[in-house]
Amino acid sequence: MIEDDESLAAMVGEYLTGFGMTVSTRSTATEGLTLLQQGAQGELSELGKPGKPAGFDGLILDVMLPDIDGFEVLGRIRSHPTANKLPVIMLTAKATREAVLNGLHLGADGYVTKPFDIEALMSAVRTVLGPAEASDWPKGGGSIRND
Amino acid sequence: MSDADDLAAALAALAIEYRTKLAPRLDALEVLAAALAGGQGDSDDLRELHRGLHTIAGSAKTFGLPTVTDAARAGEAFLDPWRDAATPPGAAEWAELKTLLAALRKAAESA
């Protein structure tokens, strides 16, 4: 998750972790892209899927970040040779028609408008990742990484 | 305690932490706005002020503070046209923003 609001990132991380996911959070686009790049180069795991950085099943991406616009981040991911199929859910405070169309044009897989109900975000995660990665009930076992 | 209870407790703790951290966040925004109104700072500071309001607007309701989101959104919307404007806001605009920030503070304190 790339989100500059630490409190929000912590809440989402806690919630998704409760569903058995492992969540890595970064507060700037630069840090997030660096982490994804490491996955794309196979530094985190040897088990990467085609078009996805190793170690990542999806990305929750804020639009308004302190360094690089979230749409630009999405564009970079979609043009990356080994990370271009990473599912991306955009978090946006302004779901204007223009913003949604821009995101869809760039290849966003889902949209969640801030401020969101945490269940709404979970629903989007389930839709984008599918039931294999997102179960129906908290089961623990996940972890939050923000190293 | 079940996993669901553990999760609910963790989320409740985060909501309390959010409320605790909100006051100093508002302090910082008020200091920044006062500096800008006094002719200090630049367009980057104004964008930082806008982003600070945007961030609170985007998260407060998620933590159970809908009136804070509404008040922050009002401040953000007021600054929208000034975010990339060629000229900075004038005294009248800063006075209006000060009122909006006071409303935001009141919303946070009464939530």
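Residues numbered from 1 in each chain as written. Chains lettered and ligands numbered in written order. Predicted model: local features only at pLDDT ≥ 70, side-chain atom pairs only at ≥ 80, totals over all residues.

This part takes up the overall build of chain A. The number of helices and strands found in chain A is five helices and five strands. Overall, chain A shows an N-to-C arrangement of helices and strands of α-β-α-β-α-β-α-β-α-β. Every one of the 147 residues in chain A was classed for burial, and the buried ones make up 43%. Across chain A, contacts joining residues at least 24 apart in sequence account for 59% of those joining residues at least 6 apart. (Helix = DSSP H or I, 4+ residues; strand = E, 2+ residues; numbered from the N terminus. Buried ≥ 20, exposed ≤ 12 C-beta atoms within 10 Å, placed from the backbone. Contact = placed C-beta atoms within 7 Å.)

On to helix H3 (residues 70-78) of chain A. All names here are of chain A. Listing the buried residues of H3 in full gives Gly70, Val73, Leu74 and Ile77. Mapping the buried residues of H3 onto a view down its axis gives an arc of 100°, with all of them on the same face. In this structure, the buried side of H3 is in contact with helix H2 (29-40), strand S2 (59-62), strand S3 (88-92) and helix H4 (97-106). (Arc of directions from axis to C-beta.)

On to the interface of chain B and chain A, then. Often, the extent of an interface is quoted as the loss of accessible area upon association of its parts. Each partner contributes to the interface: chain B provides 19 residues, whereas chain A provides 19 residues. Among the elements that take part in the side of chain B that touches chain A, helix H1 (residues 3-37) of chain B stands out by supplying nine residues, more than any other. Class assignment of the residues belonging to the side of chain B that touches chain A gives a composition of eight nonpolar, six polar and five charged. (Nonpolar A, V, L, I, M, F, W, Y, C, P; charged D, E, K, R; others polar.)

On to the sheet that holds strand S4 (residues 110-113) of chain A, then. Residues and elements named next belong to chain A. As summarised here, the arrangement of the three strands in space is S2-S3-S4, forming an open sheet in which the pairing is parallel. The outermost strands of the open sheet, each flanked by one partner alone, are S2 and S4. Each adjacent strand pair in this sheet contributes to an overall mean axis angle of 25°, direction not counted. Note: S2 against S3, four bridges, orientation parallel. From the neighbouring strand, Leu61 faces S3, where its bridge partner is Met90. (Pairing = 2+ DSSP bridges. Axes fitted to C-alpha atoms, helices over the stretch in contact; angles between N-to-C directions.)

What follows concerns helix H3 (residues 66-83) of chain B. Residues and elements named next belong to chain B. An ideal rise of 1.5 Å per residue puts 26 Å on 18 residues; H3 measures up with 24 Å between its terminal C-alpha atoms. Looking at H3, one finds that the buried residues are Val68, Thr69, Ala71, Ala72, Arg73, Gly75, Glu76 and Leu79. Looking at the buried residues of H3, the elements they touch are helix H2 (43-59) and helix H4 (91-110). (Expected span 1.5 Å × (residues − 1).)

Okay, the nonpolar core next. Of all hydrophobic cores here, the largest spans 63 residues; its most connected members are Val12, Leu61 and Val88 of chain A together with Val68, Ala72 and Leu104 of chain B. The contacts of Ala72 of chain B, once residues within four sequence positions are left out, are Leu53, Ile56, Ala57, Ala60 and Leu104 of chain B. (Core = buried A, V, L, I, M, F, W, Y, C linked by C-beta atoms within 7 Å.)

Our focus in this paragraph is the confidence of the model for chain A. Scored by pLDDT, chain A has a mean of 83; 82% of the residues are at 70 or more. Of all secondary-structure elements in chain A, the lowest mean pLDDT belongs to strand S5 (residues 143-145) of chain A, at 62, while S2 of chain A reaches the highest, 95. (pLDDT = per-residue confidence, 0-100.)

Residues and elements named next belong to chain B. Here Asp6 shows up in helix H1. Overall, the presence of 14 C-beta atoms within 10 Å leaves Asp6 in the partly exposed class. Each C-alpha atom of the pair Asp6 and Leu36 lies 44 Å from the other, and the pair is 30 residues apart in sequence.

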